[in-house]
Amino acid sequence: MHHLEKNNHLRNIAIIAHVDHGKTTLVDAMFRQSGLFRANQKVDERLMDTMDLERERGITISAKNCSVLWHDVRINIIDTPGHADFGGEVERAISMADGAILLVDASEGPLPQTRFVLKKALEAGLKIIVVINKIDRHDARPDEVLDEIYDLLIDLDATDDQLDFTLLYAIGRDGIATKSLDEKRENLHLLFDTILKEIPPPSYTPGTPFQMLVSDLGYSDYMGRLAIGKIFNGTAKSKDNLICIGENGESMELKVSKLQVYRGMELKDVDQVNPGEIAVLAGIKDVKIGDTICNKDNPLPLPRISIDEPTVSMEFSINDSPFCGKEGKYVQSSRLKARLQKETLLNVAIEVENIKERDSILVKGRGEFQLAILIETMRREGYEFSVGRPLVIYKYKNGKKLEPMERLMVDCEEGFLGVVTEKLSLRKGKMVNLVNNGKGRVRIDFSVPSKGLIGYRDEFLTDTRGTGIMNSLFDGYEDFRGEYPSRLTGSIVGDRMGKAVPYALFNLEPRGRLLVRPGDLVYQGMIVGEHNRSQDIFVNPCKEKKLSNMRASGKDDNVILAPVRAITLEQAMSFIREDELLEVTPLSLRMRKKVLSGQKQRTLNGH
């Protein structure tokens, strides 16, 4: 074995932080201070969150990279998504890093959502730097937070070396980092110096031919497919003849049309890339995540990283309701297909296939949250379409039906243990592990069918009063655990076109929970409420009160209706049944029957 050498001009770090703990603000400050921008250049706040949805929900969905320069050393910053539906992305981001910054809010402390990412980082043996941020908050409690960080690391089986972390305090918004709470500093220089000192530079074996592990895929309108990954050994020049080694060891020749690296937020063309760098290669058609790109004369594959396979599918089709085309810009099925096709290029966890008999498209993804993000993104872009209920993808082996399982990690207060366990066992979940460290919170691991998790997140948050945390990881396929009822109630369905009237709605209230407000437009076959009983009923929500001479028509308008909560996209997706669709437009979400006319509907149901 050759001795390893280090590329001292580089550091690759992942940043791990809970939503709102100031990751994006800190990275902005690092950019400003590393001389990346001219003093007078206007800098966008929150550089890393490029999608509107990310800014709005304050979550990082797709892992992105960027880099800063400090004393001639390039620091590549690898962003990690904090949300577990994007679980596959976490492992890939970490495969590129040699160290991590754990950023924690001085008042909130380490929240369990970061547990998932942190565990992966510790398992990968990354060196950790802890930064306690926002120490200027009036409710900051840095000492207790430090204890909580130790507890969390011990809980996650950190090694002694990892527990011996360097600690810094920061005010990200002002761009200041210090070694102790009472020290005064003006800038983040200490943070940069600590990264250079503490995080090991990437190592490589000299003399070994070029090897790059593809950790992520990108797409550019000009250059097509982009392969993104860390170079483990060797160098490559643009126009080199390389090969790509796929899953089963098959290799394809390829010619790199462009070599790029991150400079700040941008990609910059270079002639040569060196070991340890995170590079972007253009000009490779059929590359997949986990492939190794290496030298033609000397093909040596690196161990693959796995990417979670899709477990949930949804059918997307054109909107054929009576209100079709009134609110959206793009309604044609060709536009819809093109948009979904483009999504598969940008987002590796999503797959698309056409369904022959119906003019619709099957979209597969890693959980309904991820599909909800896609639907929300598309409606903001002006698309109008309809989607069916999310369904899990079954497999069959030796005549047995298998279903995808999830390893669900729940972290909640002790008092909610009962309700969570009960709800999950109804959904065919089994408890695998329970840890109670006597501090009022418990950690429970369940093995739950993916199907049982559809629509559970909202319910879980309600049951734990918003304090519970759940993370799920794909856990392979197992024997089918049986059916369970997804929704015990029927639908209240409108039987004609018109405007909903207060009087009619008032008389429908005893029948169930209403979903429309007075004045809303309804049509035949549209779901206007959830029925108390299990069967559907057809009603007229537009019925006016008959008036006699004795009563003036104005007298009876003062009926008081119970307030109607607007239903969210995720709730609507898990509410609809097999024979129902969700109509999605830039302005509205409406639920409806697949077959709109009530008469046809009844014959279908055999009445």
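Let me begin by describing the structure that accompanies this report.

Calculation rules
- Residues numbered from 1 in each chain as written.
- Predicted model: local features only at pLDDT ≥ 70, side-chain atom pairs only at ≥ 80, totals over all residues.
- Heavy atoms only, no water.
- Phe/Tyr/Trp six-rings, centres within 6.5 Å; stacked < 30°, edge-to-face > 60°.
- Helix = DSSP H or I, 4+ residues; strand = E, 2+ residues; numbered from the N terminus.
- Buried < 20%, exposed > 50% of the residue type's maximum accessible area, 1.4 Å probe, protein only.
- Axes fitted to C-alpha atoms, helices over the stretch in contact; angles between N-to-C directions.
- Parallel < 35°, antiparallel > 145°, perpendicular 65-115°, else oblique.
- Contact = heavy atoms within 4.5 Å.
- Nonpolar A, V, L, I, M, F, W, Y, C, P; charged D, E, K, R; others polar.
- Salt bridge = Lys/Arg side-chain N within 4 Å of Asp/Glu carboxyl O.
- Left-handed = near helix turned anticlockwise from the far one by under 90°.
- Pairing = 2+ DSSP bridges.
- Polar contact = N/O pair within 3.5 Å; in protein donor to acceptor, adjacent residues only side chain to side chain.

1. Brief notes about the packing of aromatic side chains
Now for step 1: Summed over all chains, the structure comprises six aromatic pairs.
Now for step 2: Taken together, a centroid distance of 4.8 Å and an interplanar angle of 45 degrees make the contact between Y330 and Y383 tilted. Here the residue Y330 occupies a position in the loop between β20 (312–317) and α8 (333–346), and Y383 occupies one in the loop between α9 (368–380) and β23 (385–387), the gap between them amounting to 53 residues.
Now for step 3: For Y330, a relative accessible area of 22% corresponds to the partly exposed category.
Now for step 4: Residue classification places Y383 among the buried residues on the basis of a relative accessible area of 7%.
Now for step 5: Seen from their ring centres, Y456 and F460 are 5.8 Å apart, and the 50 degrees between their planes marks the pair as tilted. With a gap of four residues between them, Y456 and F460 both fall in helix α12 (residues 456–463), about one helical turn apart.

2. A word on the packing of helix α1 (residues 23–33) against helix α7 (residues 189–198)
Now for step 1: As a packed pair, α1 and α7 sit with axes 10 Å apart at the nearest point and diverge in direction by 95 degrees. Taken together, the axes of α1 and α7 lie roughly perpendicular to each other. Across from L26, M30 and Q33 in α1, the residues of α7 making contact are H189, L191, F192 and I195.
Now for step 2: The residue makeup of the contact of α1 with α7, split by class, is five nonpolar, two polar and no charged.

3. What about the pattern of salt bridges?
Now for step 1: Tallied over the entire structure, the rule returns 28 salt bridges.
Now for step 2: One salt bridge connects R389 with E578, and the closest N-O pair in it is separated by 3.4 Å. Of this pair, R389 sits in the loop between β23 and β24 (391–392) while E578 sits in the loop between α14 (569–575) and β36 (580–584), and the two are 189 residues apart along the sequence.
Now for step 3: A salt bridge links R427 to E459; the shortest N-O distance between them is 3.1 Å. Highlighted residues: R427 in the loop between α10 (417–426) and β27 (430–436) and E459 in helix α12, separated in sequence by 32 residues.
Now for step 4: Through salt bridges that share partners, D536, R577, D579, E580 and K593 make up one connected network.

4. Section: the packing of α10 against α12
Now for step 1: Following both chains from N to C, one finds α10 and α12 inclined at 160 degrees, their axes separated by 10 Å at the closest point. Classified by the angle their axes make, α10 and α12 are roughly antiparallel. Two packed elements cross with a definite hand, and for α10 against α12 that hand is right-handed. Taken together, the residues of α12 that come into contact with α10 (itself represented by V419, V420, K423 and L424) are Y456, E459, F460 and D463.
Now for step 2: Of the residues in the contact of α10 with α12, the class split is five nonpolar, no polar and three charged.

5. Looking at the sheet that holds strand β30 (residues 491–494)
Now for step 1: Taken in spatial order, the four strands of this open sheet run β32-β34-β30-β35, and their pairing is mixed. What marks the edges here is a single partner per strand, and that holds for β32 (512–514) and β35 (537–539). For this sheet, the mean angle separating the axes of adjacent strands, direction not counted, is 30 degrees.
Now for step 2: Pairing analysis gives three bridges linking β32 to strand β34 (residues 527–531), with the strands arranged antiparallel. Residue pairing for β34: R513 is matched across the bridge by E530.

6. Focus: the side chain of R389
Now for step 1: Residue R389 is classed as buried on the basis of its relative accessible area, which comes to 13%.
Now for step 2: Of note is the side chain of R389, whose polar atom sits 3.1 Å from the backbone oxygen of S574.
Now for step 3: There is a polar contact of 2.9 Å between the side chain of R389 and the backbone oxygen of I576.

7. Regarding the pairing of strand β13 (residues 241–245)
Now for step 1: Burial runs high along β13: four of the five residues are buried.
Now for step 2: As defined by bridge partners, β13 adjoins strand β14 (residues 251–255) across five bridges and the pair is classed as antiparallel. Each residue of the ladder has a partner; that of I245, found in β14, is S251.
Now for step 3: If you look at the hairpin formed by β13 and β14, you'll find five residues sitting between the two strands, and G249 has a positive phi there, around 85 degrees.
Now for step 4: Pairing of β13 with strand β19 (residues 292–295), which is carried by four bridges, proceeds in the antiparallel orientation. Its bridge partner being in β19, I245 is matched across the sheet by T292.

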